Structures are given as C-alpha cells and as structure tokens.
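# Examining the three-dimensional arrangement
Take a look at the letters that make up each chain.
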Amino acid sequence: MKVLVIGGGAREHALCRSLSLDPHVTALHCAPGNAGIAEVAETHSVDARDGAAVTALALSLGADLVVVGPEAPLVAGVADVLRERGIPVFGPSAQAARLEGSKAFAKDVMAAAGVPTARSYVCTTPAEIDAALDAFGAPYVVKDDGLAAGKGVVVTSDLTAAREHALACDRVVIEEFLDGPEVSLFAVTDGETVLPLQPAQDFKRALDADEGPNTGGMGAYSPLPWADPKLVDEVLETVLQPTVDELRRRGTPFSGLLYAGLAITSRGVRVIEFNARFGDPETQVVLARLRTPLAGVLMNAATGELAAQTPLRWSDDAAVTVVVASHNYPGTPRTGDVVEGLADAAGVEDAYVLHAGTAHDAEGRVVSAGGRVLSVTATGTDLAAARARAYEAVSRIRLDGSHHRTDIAAKAAASA
C-alpha cells in the first residue's frame, strides 16, 4: 500500500512513524512534512489546503490512501476533492468537518443527537455577550466559533478578559464551566461503524500546575489509571455513535477520526468539544500503544469496511509525551534556533523524538520553525517509567530559549 500523509506537525510524524512500521506499507509520502518526517517518509512541498494540488500529488504518486492530518485542510474540503477523483481518503468532508470548524454547528448536532454537553449561548453582538456572561457567571468559558489552532478558548474568572476575547470573535460560544478532569477519546469511523481508541489526557496550559495561557497542548499520557474501566463503552454509546448517526441522518456522513474532548463532571460525562482529526499531542501517546498495524485500520474507514475490522490490539505499556516549545510560545514564537542533542535523546531506551515545528537550514541543521518544536515520547511498564524516560530524553535536547512543562503525567503516575 502506498500512503500519502498530509500535514507537517508532530501528529503527522506520529502517523508516519506508525505507518512506516506497518509491513503493508510499501511507500510512504508526506506533504509538506518536516525535518523529522523526512527520515521516515519522502516529503513533498505542497500547500496542504489546496485540494487540487494535493490530489495531483496523490495521483502522480499512485497513492492507495491519503491521510489528512490537520483540521484546516479538512475544513477547506481537501478530502472532498480527493474523493471526487476516487482516491480513498481518511478524513471527513468539509460539511462533516464543520463539527470542528464551527462550535455552534457542533452544539446543534449534539442537541439533535441527545449528546450530553455544557449549556451554551451563541453570541454575535455585545449585548448577547454580556447577557450570556451574566447568565453563567465565573469561571467564564468563551470559545471562538471558528478554527483557532487550539488557542480560541479562554477560561477565566476575569470578566474583562472574558468579554475582550468574546468581542474579538466574529461569532462566539459562551457556555457553562464544566468541573472535573478532562479526557480525550478518539474514534475511527467510516460513517456507520465507530471504533474507539484508547483514551488519553493532554495538558493545555503553558506552565506547570495548569498555569499560564492556553496552548495547542504541552504534553499527554495514556492510559488513564484513574478512569472508570467502562468509560470508553459509555462514551461510545452516549456520544460517539449518536453523533455519527446524526451526521449520517443529515446526509453529511462523517468518515475519518472523530475526537471527543470530554469532562468527567460530578453529573457525568459531558462533551467539551469535537475535533475532526487526530489530536496533538494525544496522538503521540495513543499510537505509541497501538499494536494493530495502522494502515489497514485507516483504509477500512476510508472504504466503508470498518465493520470487518478485527478488534484492535493494545500494549499494556504506558506512554508519555512532553512538548518542547520555542521561546515565547504560545505568543509569537521565535524560530530559526538550532536544535541539538536529537541523537542523544533518541539514545534513551524506549524513547523517541517526534518533530512538530522543525526545518533544515542552509547548512542542513535542524532548526525550530514553529511554536511547538518537538514531542518527546517514551513508553514504559507504567506511567512513572514512561515519564522518567521522556524527561531523560528531554534533558538531552538543547534549544535556546525553549521551555517545557515538568509535570506531565506526574499526578497520574503518583496515584497509579
């Protein structure tokens, strides 16, 4: 099977790494890729959001399957153009991807499907914003309706900050605050059958102890030793399957990766948000534990054959990912700094480095090219062992001005 992965972050590096280990994959390509992905796949310079260009590349390569990684190409309709040319693609249509592209659309789908979520108001005027903020009170949860690269959500007890964020959005969803720990649960689906993966937890705040601004994610771990063993079955029954069924009923079936961001509240499981693709950095830890070859699973989803998929096999090991971010992330990050120590980091047992925002400079050195630069991932017999290896690998990397959280999976490891 020849596979083309679209995207250039750590999520795509994780996908490419898993696909490169799949004996059924005979050729692996990625567009545009990054410095790390280039070590396991042939990279191509293509605008990931240009459906015609992506399709032309897929045809020229004779790709049997295209896997669209990021949300922006999905919302832009890249998967639709590929499907029109008869190319199997893992990723939803533009219409179905509105589940991530519009918070208001997602709320409408959940209401119709009876999916438990936070009470909310969709606001477009200052008067509506003020009324919604007053109705819910602090802490305020304010979400840009559209795509914002994981940084469109503000959770704050500061009314002025909440109002400023809301006013900066064209359309905004203001909702009640959900208490309890958060869980990310991915599911592969062909629009009918829904196959959940193992849950993970990520860390959105930039600094230790969940301080600082929201980011695209500073680390993750799996499994969740504190979670109810029946959680996955419950979410499949109350959230994932009803959502897929409702989208099919509307004539816009969702085929690809459905990501449910969940809060385990005192009143039960509630959906915080949906994404229409693999999450980053949770993909890094989930795929680290998946033992079933990945390409066949994605192909079965792309071709409507998921009902025939054999049960997924998982490692009993734990996995931890720590994100190394560039200077000033999540503000305007500094780029072009040389990344050193990658070979040393890879020398740590059961650890490896996935590239997020990297490139090669004119001298062939790996340099930073984005806010989140690396996802350092490790596995171990338990979270404590995985965590120790991940942080040992991080300690061997040198990137001027970089920062990372030191508490990824610490609480879960201590309580396991």
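Parameters and conventions
Residues numbered from 1 in each chain as written. Predicted model: local features only at pLDDT ≥ 70, side-chain atom pairs only at ≥ 80, totals over all residues. Heavy atoms only, no water. Helix = DSSP H or I, 4+ residues; strand = E, 2+ residues; numbered from the N terminus. Rg over C-alpha atoms; globule rule 2.2 N^0.38 Å. Buried < 20%, exposed > 50% of the residue type's maximum accessible area, 1.4 Å probe, protein only. Contact = heavy atoms within 4.5 Å. Areas by Shrake-Rupley, 256 points an atom, 1.4 Å probe, with all protein chains shown as cover. Lys, Arg positive; Asp, Glu negative; His and termini not counted. Charge placed at Lys NZ, Arg CZ, Asp CG, Glu CD. Salt bridge = Lys/Arg side-chain N within 4 Å of Asp/Glu carboxyl O. Polar contact = N/O pair within 3.5 Å; in protein donor to acceptor, adjacent residues only side chain to side chain. Pairing = 2+ DSSP bridges. Axes fitted to C-alpha atoms, helices over the stretch in contact; angles between N-to-C directions. Phe/Tyr/Trp six-rings, centres within 6.5 Å; stacked < 30°, edge-to-face > 60°. Lys NZ or Arg CZ within 6 Å of the ring centre and 35° of its normal. Core = buried A, V, L, I, M, F, W, Y, C linked by side-chain atoms within 4.5 Å.

Our focus in this paragraph is the overall build of the protein chain. Along the protein chain, the regular secondary structure elements total 14 helices and 22 strands. Since a compact globule built from 416 residues should have a radius of gyration of about 22 Å, the 20 Å found for the protein chain is in line with a globular shape. Taken over the C-alpha atoms alone, the protein chain extends approximately 55 × 45 × 40 Å along its principal axes. The buried share of the protein chain, reckoned over its 416 residues, is 56%. Partitioning the contacts of the protein chain with sequence separation of at least 6, the portion at a separation of at least 24 is 69%. If you sum the accessible surface of the protein chain, you get close to 16300 Å²; carbon and sulfur atoms cover 49% of it. On the protein chain, the mean spot of the 35 positive side-chain charges and the mean spot of the 53 negative ones are 1 Å from each other.

With that settled, the discussion passes to helix H11 (residues 294-302). For H11, a buried count of seven out of nine residues is recorded, marking the element as mostly surrounded by other parts of the structure. All buried positions along H11 are accounted for by Leu 294, Ala 295, Val 297, Leu 298, Met 299, Ala 301 and Ala 302. For H11, the secondary structure elements touched by its buried residues are helix H1 (10-20), strand S4 (65-68), strand S5 (89-90), strand S10 (182-189), strand S11 (194-196) and helix H10 (282-289).

To continue, consider the side chain of Glu 282. Within the element layout of this structure, Glu 282 appears in helix H10. No salt bridge is formed by the buried Glu 282. Its closest oppositely charged neighbour is Lys 204, at 5.2 Å. Here the side chain of Glu 282 touches Ser 184 through a polar contact of 2.6 Å, side chain to side chain. Excluding residues that lie within four positions of it along the chain, Glu 282 makes contacts with Ser 184, Phe 186, Ala 200, Asp 202, Ala 220 and Tyr 259.

All right, on to the sheet that holds S5 then. Reading across the sheet, the five strands line up as S3-S2-S1-S4-S5 and stay open at both edges, with parallel pairing between neighbours. Each end of this open sheet is capped by a strand with a single partner; those strands are strand S3 (42-43) and S5. One ladder, built from six bridges, connects strand S1 (residues 2-7) with strand S2 (residues 27-32); its direction is parallel. Bridge assignment links Val 3 to a residue of S2, and that residue is Leu 28. Each of S4 and S5 touches H11; the most contacted strand, S4, lies at about 95° to it.

Once that is clear, we can look at unusual backbone geometry. Here the bond from Ala 31 into Pro 32 is cis, since omega is 0°, no more than 30 degrees from zero. The topology assignment puts Pro 32 in strand S2. Looking along the chain, the bond that leaves Asp 280 and enters Pro 281 is cis, with omega of 25°. Here the phi dihedral of Ala 209 falls at roughly 60°; this positive angle occurs in a residue that is not glycine. In this fold, Ala 209 is placed in the loop between strand S13 (205-207) and strand S14 (211-214). One non-glycine residue with positive phi stands out, namely Asp 350, at about 55°. Topologically, Asp 350 is positioned in the loop between helix H12 (342-346) and strand S19 (351-355).

As a further point, take the packing of aromatic side chains. With the rule as written, the count across this model stands at five aromatic pairs. Summarising the aromatic geometry, the rings of Phe 90 and Phe 278 are spaced 6.1 Å apart at their centres and angled 35° between planes, so their arrangement reads as tilted. One end of the pair, Phe 90, is in strand S5; the other, Phe 278, is in the loop between strand S17 (268-275) and H10, and 188 residues separate them in sequence. Of the two residues, Phe 90 and Phe 278, neither departs from the other in class, the shared state being buried. Seen in terms of ring centroids, Phe 203 and Tyr 221 are 6.1 Å apart; in terms of plane orientation they differ by 45°. Their pairing is tilted. With a gap of 18 residues between them, Phe 203 in the loop between strand S12 (201-202) and S13 and Tyr 221 in strand S15 (residues 219-222) connect regions that are remote in the sequence. Tyr 221 carries the same exposure label as Phe 203, and that label is buried. The ring of Tyr 352 carries Arg 17 above its face, with NZ or CZ at 3.6 Å from the centroid.

Leu 4, Val 66, Leu 82, Leu 99 and Val 320 are the most contacted members of the largest nonpolar core, which has 77 residues in total. The dominant element in this core, judged by the number of residues it contributes, is helix H9 (residues 231-249), at seven residues. Residues in contact with Leu 82, not counting those within four places in the same chain, are Val 54, Thr 55, Ala 58, Val 66, Val 68, Ile 87 and Val 89. Among the nonpolar cores identified, the runner-up in size contains 42 residues, and Cys 16, Leu 28, Val 67 and Ala 295 belong to it.

On to the pattern of salt bridges, then. Counting across every chain of the model gives 25 salt bridges. Its salt-bridge partner being Arg 277, residue Glu 71 comes within 3.3 Å of it at the nearest N-O pair. Placement of the pair is Glu 71 in helix H3 (residues 71-75) and Arg 277 in the loop between S17 and H10, with a sequence separation of 206 residues. A relative accessible area of 13% means that Glu 71 is categorised as buried. Ionic pairing is found between Arg 249 and Glu 246, a salt bridge with its closest N-O pair at 2.7 Å. Of the two residues, Arg 249 and Glu 246 are both situated in helix H9; the distance of three residues between them amounts to about one turn of the helix.

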